[in-house]
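# Close look at the chain arrangement
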Amino acid sequence: RLGKKGIIAETGAGQHGVATATVCAQYGLECIISMGAQDMERQALNVFRMRLLGAEVRGVHSGTATLKDATSEAIKDWVTNVETTHYILGSVAGPHPYPMMVRDFHAVIGKETRRQALEKWGGKPDVLVACVGGGSNAMGLFHEFVDYAEVRVIGVEAAGFGLDSGKHAAPLTKGDVGVLHGAMSYLLQDDDGQIIEPQLDYPGVGPEHSFFKDMGWAEYYSVTGEEALEAIKDWVTNVETTHYILGSVAGPHPYPMMVRDFHAVIGKETRRQALEKWGGKPDVLVACVGGGSNAMGLFHEFVDYAEVRVIGVEAAGFGLDSGKHAAPLTKGDVGVLHGAMSYLLQDDDGQIIEPQLDYPGVGPEHSFFKDMGWAEYYSVTGEEALEALETSHALAHLEKLCPTLPDGARVVLNFSRRGDKDDQTVAKYLEV
């Protein structure tokens with residue numbers, strides 16, 4: 001509606017750049033991402049992702065070659081080409097209306113917090129605590145509760161090596177008021193108003209946080225790197241008072257069931273789209289299987305329908321007889337690992353064999369599906385599919401499967417994201 005065909009954005013760690021590049025690829029927009037040269041080196045994978053999506057990633061070598069300098073270059077480019085380009089800023093910083101816009105996008109955090117607090121406690125929380133860098137996540141949480149004086153609001157900045165060390169990122173607790181990138185806020189600056197490079201990437205904070213501090217609507221503190229590290233250590237060693245979030249359908253009960261139910265959205269959405277496209281259920285489901293989360297998320301919705309053929313495809317690496325694979329369902333034996341009985345890669349003495357990919361087992365529900373005959377499991381070698389690129393194994397199996405299916409068979413292929421593994425492998429294979 002703006003009539004602009006180009007998008008400009010800055011990025012530090014790269015996530016905002018990847019998100020922007022994804023949107024541009026979806027809508028056919030030109031995409032230019034400014035990124036500090038140091039950040040490009042540290043976040044080479046995200047640079048590859050952005051370029052893979054068609055974005056032009058421009059390295060910034062001025063200053064410390066990090067986020068501040070990337071933001072400066074992006075704004076310069078934008079104001080020079082404002083009639084043809086739109087700037088997407090990734091934090092609650094910068095000129096109006098960006099702090100407000102980004103805050104409102106992140107407001108889903110506070111709205112969801114309020115909904116869950118009402119459900120769990122029957123009312124609002126007493127205290128909100130959030131880390132503050134640029135301040136997006138914190139403002140997204142805080143804004144929903146700004147009119148409730150009874151809710152204590154606390155932001156915590158990174159004190160790095162200490163507030164007196166000069167190596168920190170705590171403008172709210174150790175900074176002074178100044179102007180940067182079109183906004184008045186607390187900044188890290190010297191007596192002459194020159195920006196001091198922060199311990200982290202950005203020397204300021206969103207102006208609304210500065211307003212909250214001055215109005216007394218929020219408290220801001222800082223924590224050193226040593227204190228933060230100790231807190232993490234305490235958290236992981238105090239199981240009685242902490243909760244472990246497992247990322248796959250493996251491990252002890254109830255994690256396989258919990259993660260399966262979280263991933264069940266895949267199957268539900270598949271069923272919805274199949275009904276819309278074909279007027280019924282799919283005939284065949286195919287999914288890659290590593291730990292098995294994405295596959296179980298797809299399969300579980302159709303477990304009661306015997307007419308739906310369910311196929312999982314594992315990575316056979318250099319071949320099932322090579323010992324270098326990740327195919328416990330097709331070449332493993334039953335054992336116990338991490339509190340669950342499942343098929344595992346193990347030797348005759350029951351010792352775990354290191355897999356070609358990351359995990360030597362599979363979710364116990366997949367093992368149950370195999371034993372019950374509810375699902376078929378096959379494997380594909382790295383030669384048949386790019387080695388260690390998990391989804392490609394499911395793709396490769398289609399070449400074997402499709403000739404056996406009747407014409408018009410409705411097949412659903414489930415793609416998973418191996419993230420860093422995928423991108424590194426593709427980059428190496430394509431020599432980019």
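Preceding block: the structure.
Since this is a predicted model, take the numbers as computed values, not measurements.

## Examining a negative patch on the surface
- A surface patch of negative charge is lined by D176, D190, D191 and D192.
- Locating D192 in the fold gives a position in the loop between β8 (183-187) and α9 (207-215).

## Observations concerning helix α4 (residues 67-80)
- In a regular helix each residue adds 1.5 Å, so 14 residues correspond to 20 Å; α4 covers 20 Å between its end C-alpha atoms and thus fits that length.
- Of the positions making up α4, those classed as buried are L67, K68, D69, A70, T71, A74, I75, D77 and W78.
- Contact partners of the buried residues in α4: β1 (6-11), β2 (30-36), α2 (37-42), β3 (56-60), β4 (85-88) and α5 (98-106).

## Regarding the sheet that holds strand β9 (residues 219-224)
- Pairing within the open sheet is parallel, and its three strands lie in the order β5-β6-β9. If you trace the sheet from one side to the other, it starts and ends with β5 (127-131) and β9, each paired once. Neighbouring strand axes in the sheet, compared pairwise and without regard to direction, differ in orientation by 30 degrees on average.
- The sheet contact formed by β5 and strand β6 (residues 152-160) spans five bridges and is parallel. From the neighbouring strand, A130 faces β6, where its bridge partner is G155.

## Structural notes on the packing of aromatic side chains
- All told, the structure shown has seven aromatic pairs when counted by the stated rule.
- Between F212 and W217 the ring centres are 5.6 Å apart and the planes differ by 65 degrees, which places this aromatic pair in the edge-to-face class.
- The exposure class of F212 is buried, given its relative accessible area of 3%.
- You can call W217 partly exposed: its relative accessible area is 40%.
- Seen from their ring centres, F368 and W374 are 5.3 Å apart, and the 80 degrees between their planes marks the pair as edge-to-face.
- In this structure an aromatic cluster arises from ring pairing among W78, Y87 and Y98.
- Of note, K213 hangs over the ring of Y186, and the distance from its end group to the ring centre comes to 4.2 Å.

Basis of the calculations
- Residues numbered from 1 in each chain as written.
- Predicted model: local features only at pLDDT ≥ 70, side-chain atom pairs only at ≥ 80, totals over all residues.
- Heavy atoms only, no water.
- Patch = residues over 30% accessible without salt bridge, like charges linked within 9 Å, V, L, I, M, F, W, Y side chains within 5 Å.
- Areas by Shrake-Rupley, 256 points an atom, 1.4 Å probe, with all protein chains shown as cover.
- Salt bridge = Lys/Arg side-chain N within 4 Å of Asp/Glu carboxyl O.
- Lys, Arg positive; Asp, Glu negative; His and termini not counted.
- Charge placed at Lys NZ, Arg CZ, Asp CG, Glu CD.
- Helix = DSSP H or I, 4+ residues; strand = E, 2+ residues; numbered from the N terminus.
- Expected span 1.5 Å × (residues − 1).
- Buried < 20%, exposed > 50% of the residue type's maximum accessible area, 1.4 Å probe, protein only.
- Contact = heavy atoms within 4.5 Å.
- Pairing = 2+ DSSP bridges.
- Axes fitted to C-alpha atoms, helices over the stretch in contact; angles between N-to-C directions.
- Phe/Tyr/Trp six-rings, centres within 6.5 Å; stacked < 30°, edge-to-face > 60°.
- Lys NZ or Arg CZ within 6 Å of the ring centre and 35° of its normal.

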